[in-house]
Structure formats: C-alpha cells, structure tokens
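# Reading the structure
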Protein chains: 2
Amino acid sequence: MKIDFTYYNPTKIHFGKTALEHLSPELANYGETVLLVYGKGSIKKNGLYERIIKILNESGKKVVELAGIKSNPTYEQMLEGARLVRENSVDLILAVGGGSVIDCAKGISVSAYCKGDPWERYWINFEEVDNKIVPVGAVLTMAGTGSEMNGGSVITNEEKKLKNGRVYPANVYPKFSILNPEYTYTVPKYQMSSGIFDTMSHLMEQYFSGDDDNTTDYLIEGVLRSLIHSACIALENPEDYEARSNIMWCAAIGLNTITGLSKEQDWEVHMIEHQVGAYTDCAHGAGLAAISVPYYKYICGCGTNKFVRFAKNVWNIPVDSMTKEEAAAAGIEKLHQFIVKLGLPTSIRELGATEDMLPLIANSTIQGGGYKQMTSEDILKVLKASY
Amino acid sequence: MKIDFTYYNPTKIHFGKTALEHLSPELANYGETVLLVYGKGSIKKNGLYERIIKILNESGKKVVELAGIKSNPTYEQMLEGARLVRENSVDLILAVGGGSVIDCAKGISVSAYCKGDPWERYWINFEEVDNKIVPVGAVLTMAGTGSEMNGGSVITNEEKKLKNGRVYPANVYPKFSILNPEYTYTVPKYQMSSGIFDTMSHLMEQYFSGDDDNTTDYLIEGVLRSLIHSACIALENPEDYEARSNIMWCAAIGLNTITGLSKEQDWEVHMIEHQVGAYTDCAHGAGLAAISVPYYKYICGCGTNKFVRFAKNVWNIPVDSMTKEEAAAAGIEKLHQFIVKLGLPTSIRELGATEDMLPLIANSTIQGGGYKQMTSEDILKVLKASY
C-alpha cells in the first residue's frame, strides 16, 4: 500500500432476500416527500413497483415520480428530476433500477439546488459541490456498475453529444442501497453477461497497474475468482441464488473504492469503450468485452509480471513450466474464452462499428493508461485489432 | 451470500506516511475539548505524543489526558475516562495506541452518560446504548486487533475477574482512524508477530464455517495470502514499508465486518484463548497461536472440504494428488510452520499454563464453534493437545 489514501464509504447496504424489509425503517429517517426514479417499466412488470409504492404509502410518504430513465441517462431527464425536487421540496430521492437510474438520481441530487449551470460546473469543470445535496437511496435491480455503493454519475448530454462521468465524494453516495439478488433474475441473459463483464473490467482496470505488492491486488484476485466461478454457474442456471448473490456483491465491492486503494489504476479500456459507445450505442459491458483482449495483448509487454500473476492467481494456470511471455498470453487467452462463454462480442464490428469510424474513435478517446501511456496511434492499433 | 446481512462501516480511514496531516482537518469537526487516551508511554519515546499535542494546540483544543491504559484495559480505567468526559464536557475522545487503547476509548464513549451501571447494562446484558455517545477518533500504533475500524470493545473487570467483549453498532465505531504504517516500526518483533497472528485468527474464525460458496471466502483467501506474504518479508526486515503497510491494512479489513459478511463464523479459538489468557495473562495473539493448530486438527474432519480449499488457495498446496484428508492435514501443517516462523508458541505450557489449569479453563470457556459445536469435553481435549 505505497500510495497514501483516504477510504470512506458510508453507504449502508441491506443485502439478501429480506432486504426490502429495511426500506420502511430507512424511510423513517427522511421527510415526507420522496421522488421515485425508475426506468422503462420492468419494475412494473415484475411487481417491484407495486411493492415499493405500498411501502411508501404505508410510511405516509408523498410520492413524486420520474419514470423512463434511459440506459444512458440524459442530462434533460436529470434536469427534469432536479425541477421536481425543487418544486416539491423532495426529502429523499429513491432510485429503483440499475446503475443508470442510480447515476441519474445522484445527478439530480447535486443539481437540484446548484447555483449556476450544473453541467458546466459539475460535469465539465469538476467543481466541488457547494449546494445542498438531496439524499439518495437505492433499490438495485441489475448488477454491474457498482453505482449502488459509490459516487459515480455518468450522464449523457444529448444536445452537446457528450457522455461525461464524475465521481462525487462520499456525501453523494447512496445513504442506503437495498440489494436483493432475486430482483436480478428477470434481467435478460445478455444484460446479465454485460453486467458481469462490466464488474470484471472494473476489477481489471484497477488491478493492471503498479509493480508493487499490494493487499488490494490480492483482494481483486479474490473477487475476480469468485465472480468468474459464479458467472459460470449463473450462465447454466440464472436462478441459482448463491451465484446471482455473489455476482451482485462482487459488483458492489468491485467499484466501492476498496478494490482500488493505493493503486494507480488504468481505465483506458473504459475510455475507449466510451467512444465506441458514442459511435455505436452498444451495451457498455459488451463494448468493454470487445476491446479488453486486444488492449491487454497490446500492453502486456509493459507489465508482464502482473499478467503472469493474473494467469496464475486468477485462472489457476500452472505458469512455472512456461516462459513469462507464454504465461501472460495464456492468462489473456483464458479471458478471451471467458468472454466467449459469456456470449459477449469479441469484435467491435459485431457492435456496429465500421472501419471509417476507427480513426474518429481513436482521436476522440481520452488518452491515459496504466502500464503504458496510450497515444491516439496506440488506441487506433487496439481498435484495429478489436475490429 | 446465502445469509442476509446489513453492511455499514462509516469509519473514515486516513492511510499512509502523510496520514497524520488529516488530523487537524478532522479535529475541526468537533468542539474544543479533547480527551487524549494512550498507553504506557511508548508514544512519548517515539515522538508521536509531542506531534499530536502540537496539532491539538494549533487547532485550539483544550486537552485532557488519560494515560497508562493497560494492554488489557480495565473497567476502572474506563470509568476514570468516563468521569473525565463528564467533568470536562469532552467533545472528542482521541485514542492514540493499539487496540487496547481504542477499545477503552469506545468503552468511555458509551459509558460517560450511561444511565445506570455501564458494566451491567452494556457488557453483561448487552443492552442497546440509549445515551449520548461521545465521538471517538484514533491514531493507530500497532496492527492486529482491527479495533480502528469496528465497534469492538473488550474490557477487563478486575474486581469481578471478567474480561468481556462487546461489538457495538456503527455509531460507536471510530469516526476517523489515522493509520501510518511507520508508527508500527517500533513495536517489538514478538508483538508484531502476535498482532499478525491475531489478524490471521480473525480471518480463519470467519473462514472456517459454512459449506456455501461465498464471495466472502474468496476475499478472506486474498487477505490471508497477502498477510502471510508480507509477514514473511516483515520478519526479515521490520522496516519494509510495503510489508508493514499491507499487514496494517489486512488487520483493518480483517475485522471491519466485510470479511465476515454472510458467514456463520466460528470464534471458538478466541473463546478458548480468552480463558487461557485469564489464567496465564499471555499475549492474545500468542495464545491464539498455541491453540489454533490443535483446534483445527480437532475439528477438520467436520469441514474437510473447506480445509482442502484452505490448503489449496491459501498455501498453494497441490492438493489434486492427495486424498482430502491428506490435503486438509497439509494445510494445517503449513499453518503450524508459519506459527513457528513467526516465533510464536505452539503450546500453552510455554505461556505458563499448568496441567491442573486445563479442566478449569475448559469448564469456564464459552461453548460455541463453527463446523463442530464444542462441549467442555471437546475443549479439554483441544487444551490437552495444545499443552
């Protein structure tokens, strides 16, 4: 743990089949008006909406609704939510859905009482939030983003054609999140796989950096092993409670900052995917899957020892009988096979990318990286290898 | 994650060489009177006392002191602290030391304004704390107990010859803890080893339970691997910063509840050690070391699969060529060798236990367990094997 850090995560997690029983006591901590934020109605189909409305009514809450949050939540929807908060003096924003809905709720939370233009101030200039923050609570219905236990909020400004992410400090984290793995049973298999790979990517982006020997690296290996193991079970039987619950918890701790402590971190796969997404509107996890193997092949010579460790500790490959390069390659090959098993794409062509897009994507991607500082030429090579 | 849980850990951790720089901003969150609680003066020898007093003075604080906290903090000292809090209207209790000092600070925190007898109400009857809780902050100087990031408070009532532990809810956790691994350099090697084994024991007590396949088990394996790896480095070079920092962080997360989520847990080694300690006054980690191998040998037939997994995933033993029983035994043998390497005792005789004590210890130990529900006869057999 060579790099100094502050760790502070005050989100209260209620996990399991009985988790929703905690909603009523949690609601008692807030005033009477609740803004209920949700997506395109899957919670109406599976009965969750009805159950939550019942609890809100029994708790004597006045409910305002913001429905139809898109999978890439828009700035426009966020502003609509902010208006509802102000007009109704909302005391709690309750997000029911996946990461998009929770991201949107956090955006509403910081924007409702913002002095000035929230987009400019908070998503472009990354200013400190100096206004009242409206508390957020969450009921999670899809595992992957980790938004239920962190300060991340990715919002798409359609007018400006920008999808910007921001990690807010702990006072913006959900105050409580209710995680019942059974709520994820109705997520289609492709979305489940996409969420699993999103979590996997978060863990790898944090893992592949630094030469140091860090407790965090061991933690990440543990979470990756559990995630891979449970993913294989869930692919066979999506209603295996143990597997879905492990996947849900891996997603939460995979981006609640504990798996990134004292790490330099990489995040270039996410940067590239952002722009692939901007050009193809692909599912986030699917985009990450298509880019990851070419990316890690491209950079693995700059951090060979860590890739050998990945092969050995995550994939149980007997590396002692191999050269370092063979071992590193064997680990990445296992990653490739896992993506195939998940049913996710291994090329961005499958996601709708065309050859003429590649230079445009390369040039618009934020340049960063872990073991290797990426240039737009490097990114273009990765994109060609992903095509 | 079959067992439902609530996870909530609001302690803010400042970690690293610059961690003490956060003390002044933290102090600004509290009123002017600080009760400084510390041990027998090692912080005066290494200069930490002086640095903290300087920061307190510069922050305009009025400082009240409670010095000389014993390694088994007494109820008497705790009551003295509670009196100081009341008489001086203390706004923050700042614990500077190891787990004993922090445990004592938490005890003072809940007792100062207790209506009635704190010992009876909180340590015997485990009543909910219904009075004002005085906030606690910590500067940690020894790694092992995990008290810096949880609600545990073990207090010895000398008059009643009872050493009782209690885990308080999150509002009693330290509000902030400052963890600079360099502060642990001056801890004598035997104490360092004792702390390492205390952490190791916390992890094993949580690990050895349940047949289920749980993300928490993978997390524990990761922390154990890191702890063992760094312990071996620190034994050679106690001032290896990376190793000491990993050990410090393993201790914190090893008992901050995240490594116990959804687990039934065991804790019988701790129960036995408590009574061995009551009869011999041995160091806690040393007592745990002497009992662990005989205990795990005794129960491993009731949870063989988990012990095989322990051998494979924690100790890298090639278990595929062995019977389950051989593999389980090989893992426990590795644990034994590690205890020897740490320089810790492998028999309670070395700690001052005598043969006539054994039935007395066995009969006074709280009966529990993980894979096996222990009776006093079982405990006596373990004690004889530990002798």
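Everything numeric in this text was worked out from a predicted model, so none of it was measured.

What follows covers the environment of Ala67 of chain B. Residues and elements named next belong to chain B. Note that Ala67 resides in the loop between strand 3 (62-66) and helix 4 (75-88). Looking at Ala67, the number of C-beta atoms within 10 Å reads 15, which means it is partly exposed. Between the C-alpha atom of Ala67 and that of His22, which follows or precedes it by 45 residues, the distance is 23 Å.

What follows concerns the interface of chain A and chain B. Contacts between the two partners involve 34 residues from chain A and, on the opposite side, 34 residues from chain B. Only strand 1 (5-15), helix 8 (215-236) and helix 9 (241-253) of chain A provide two or more residues apiece to the side of chain A that touches chain B. When its residues are assigned to classes, the side of chain A that touches chain B shows 13 nonpolar, twelve polar and nine charged. The pairing of strand 1 of chain A with strand 1 (residues 5-15) of chain B spans seven bridges and is antiparallel. Looking across to strand 1 of chain B, one finds that Tyr7 of chain A is bridged to Ile13 of chain B.

The subject of this paragraph is the confidence of the model for chain A. With 100% of its residues at a pLDDT of 70 or more, chain A has an overall mean of 96. The complex prediction reports pTM at 0.97, with the ipTM value standing at 0.96.

All names here are of chain A. If you check the domain split of chain A, you get domain 1 (12-183) and domain 2 (189-386). Summarising the inter-unit geometry, the C-alpha centres of domain 1 and domain 2 are found 28 Å apart. Considered class by class, the residues forming the side of domain 1 that touches domain 2 number seven nonpolar, four polar and two charged.

Note on the chain copies: they are related by a rotation about an axis and a translation along it. After a rotation of 180 degrees and a shift along the axis of 0.0 Å, chain A superposes on chain B with an RMSD of 0.0 Å. What the superposition gives is, in effect, a two-fold axis relating one chain to the other. Residue Pro10 of chain A of chain A places its C-alpha closer to the rotation axis than any other residue of that unit, at 2.2 Å. A symmetric contact is evident, with 100% of the interface residues of chain A recurring at the interface of chain B.

Rules and cut-offs
- Residues numbered from 1 in each chain as written.
- Chains lettered and ligands numbered in written order.
- Predicted model: local features only at pLDDT ≥ 70, side-chain atom pairs only at ≥ 80, totals over all residues.
- Helix = DSSP H or I, 4+ residues; strand = E, 2+ residues; numbered from the N terminus.
- Buried ≥ 20, exposed ≤ 12 C-beta atoms within 10 Å, placed from the backbone.
- Contact = placed C-beta atoms within 7 Å.
- Nonpolar A, V, L, I, M, F, W, Y, C, P; charged D, E, K, R; others polar.
- Pairing = 2+ DSSP bridges.
- pLDDT = per-residue confidence, 0-100.
- Domains from an automatic or database assignment.
- Least-squares fit on C-alpha atoms with pLDDT ≥ 70 in both.

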